[in-house]
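Secondary and tertiary structure notes
As a plain string of letters, each chain reads:
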Amino acid sequence: MTEHQTKVLIIGSGAAGCTAAIYAARASLNPIMVHGLQPGGQLTITTDVENFPGFEHAVQGPWLMEQMEKQAAHVGTKIMHDTIMKVDLSKRPFTAVGESGDSYVAETLVIATGATARWLGMPTEKKFAGFGISACATCDGFFFKGKEVLVIGGGNSAVEEALYLTNHATKVTLIHRRDSLRAEKIGQQRLFAHPKISVIWDSVVEEFVGTENPNSLTGARLKNIKTGAVSDIKADGAFIAIGHTPNTELFKGVVTMDADGYIVTTPGSTKTNIAGVFAAGDVQDKIFRQAVTAAGTGCMAALEAERFLAGGH
Ligand code: NDP
């Protein structure tokens, strides 16, 4: 049970955490980055990444995150294979306690704990995840050029994903469990008016179906929850857009959050309601959710921590 002292403690090791670490280390702030439950974050559960600038050809998500972490370590970040279980942000320096029993005493804190995509939860969804099933149309839509795809969900994400996918797919079918969408009206109007999009109401996915070795999605079995009727639909891809859960449990009641549990930051900044505590990446962003935007806010958080330590605001 060791006590670690640092000027900048970073919780989370996805694109936001790693970028904050790189900038803080290069500012000689000797940051500590605590890995968390999913080292590398959401990119480690994707396959091809084609939209992170700097690579001519697609790179693999896990490889990209391995490189980011190595870069953070190379410039001087201390990386801890630990998960923070408790924080005390009532006074500075802040303290955090890891699952290992180690404690971390920090002058500033960067929260980069990310968000977790919600999944429907059936085994066939897991089986075809990355082989036709995705939770991010911006990331994977391109791979469905000229193909037919499903989008599951009825919120703003589902509507945006469906509209985005029309850029690539020939046919997009939105499947929603009720008979009305919760997405904003303007999005709904665009969706209903789009010639490539159709909606199947009152229906849930019972199973995903596909071929094995190599795994490849070919469609889904749907159930109408009003009539009980079961039907099969053909699809090359399925995008699950039933929401994300921000990983903010640790900070409840202490750091200001919105109604969905995302950390609220000052516009144009990564500052939270607590001086010296910054939030970067998907934990404070429910709109863009991209690796590159997470990296961008990670950079901002480190620069703001540096300014704060220098006596700025
Ligand atoms: P939401 O929670 O708003 O919507 C989730 C949708 O998925 C709902 O329609 C819900 O159905 C459905 N759903 C949930 N669980 C299941 C399940 N197990 N099976 C089938 N369907 C399910 O999530 P979003 O990601 O769309 O949005 C999250 C937040 O981010 C919202 O506040 C949203 O407004 C915001 N957002 C804003 C954007 C923007 O401003 N550009 C873009 C994207 C998101 P039901 O309706 O029946 O509950």
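Let me begin by describing the structure that accompanies this report. (Residues numbered from 1 in each chain as written. Predicted model: local features only at pLDDT ≥ 70, side-chain atom pairs only at ≥ 80, totals over all residues. Heavy atoms only, no water.)

Let's talk about the packing of helix α1 (residues 15-26) against helix α7 (residues 291-309)
Counted only if it meets this: Axis definition: a line fitted to C-alpha atoms, over the contacting stretch in the case of helices. Angles run 0 to 180 degrees between N-to-C directions. Secondary structure elements follow DSSP: runs of H or I no shorter than four residues count as helices, runs of E no shorter than two count as strands, and numbering proceeds from the N terminus. Working rule for handedness: look at the near helix, and if it is turned counterclockwise from the far one by less than a right angle, call the crossing left-handed; if clockwise, right-handed. In what follows, residue pairs with any heavy atoms lying within 4.5 Å of each other are defined as contacts. Three categories are distinguished: nonpolar for Ala, Val, Leu, Ile, Met, Phe, Trp, Tyr, Cys and Pro, charged for Asp, Glu, Lys and Arg, and polar for the others, with Gly belonging to the last.
Where α1 contacts α7, the two axes come as close as 7 Å, and the packing angle between them is 35°. Crossing geometry of α1 relative to α7 is assigned as right-handed. Here A15, A16, T19, A20, Y23 and A24 of α1 come into contact with α7, specifically with A291, A294, A295, G298, C299, A302 and L303. Counted by class, the contact of α1 with α7 contains eleven nonpolar, two polar and no charged residues.

Some thoughts on the nonpolar core
The condition is simple: Remark: nonpolar core denotes a set of buried residues (Ala, Val, Leu, Ile, Met, Phe, Trp, Tyr, Cys) joined through side-chain atoms within 4.5 Å. Categorising residues by exposure relies on relative accessible area from a 1.4 Å probe, with only protein chains included: less than 20% of the type maximum marks a residue as buried, more than 50% marks it as exposed, and the intermediate range marks it as partly exposed.
V8, I10, L64, M68 and V110 are the most contacted members of the largest nonpolar core, which totals 30 residues. Here the element with the most residues in this core is α1; it accounts for seven residues. If sequence neighbours within four positions are ignored, I10 has contacts with G17, A20, A21, P31, I32, M33, V34 and V110. I11, V34, M80 and F94 belong to the second-largest nonpolar core, a separate cluster that totals 22 residues.

With respect to the pairing of strand β8 (residues 103-111)
Two faces make up the sheet, and in a regular strand the side chains alternate between them. Just so we agree on the cut-off: The rule for pairing is simple: two strands pair if DSSP sees at least two bridges between them.
Within β8, eight of the nine residues are buried, leaving the element largely enclosed by the surrounding structure. Bridge count between strand β1 (residues 3-11) and β8: eight bridges; the pairing is parallel. Residue pairing in the sheet places E3 in a bridge with S103 of β8. One ladder, built from three bridges, connects β8 with strand β19 (residues 277-279); its direction is parallel. Each bridged residue has a counterpart across the sheet, and for L109 the counterpart in β19 is V277.

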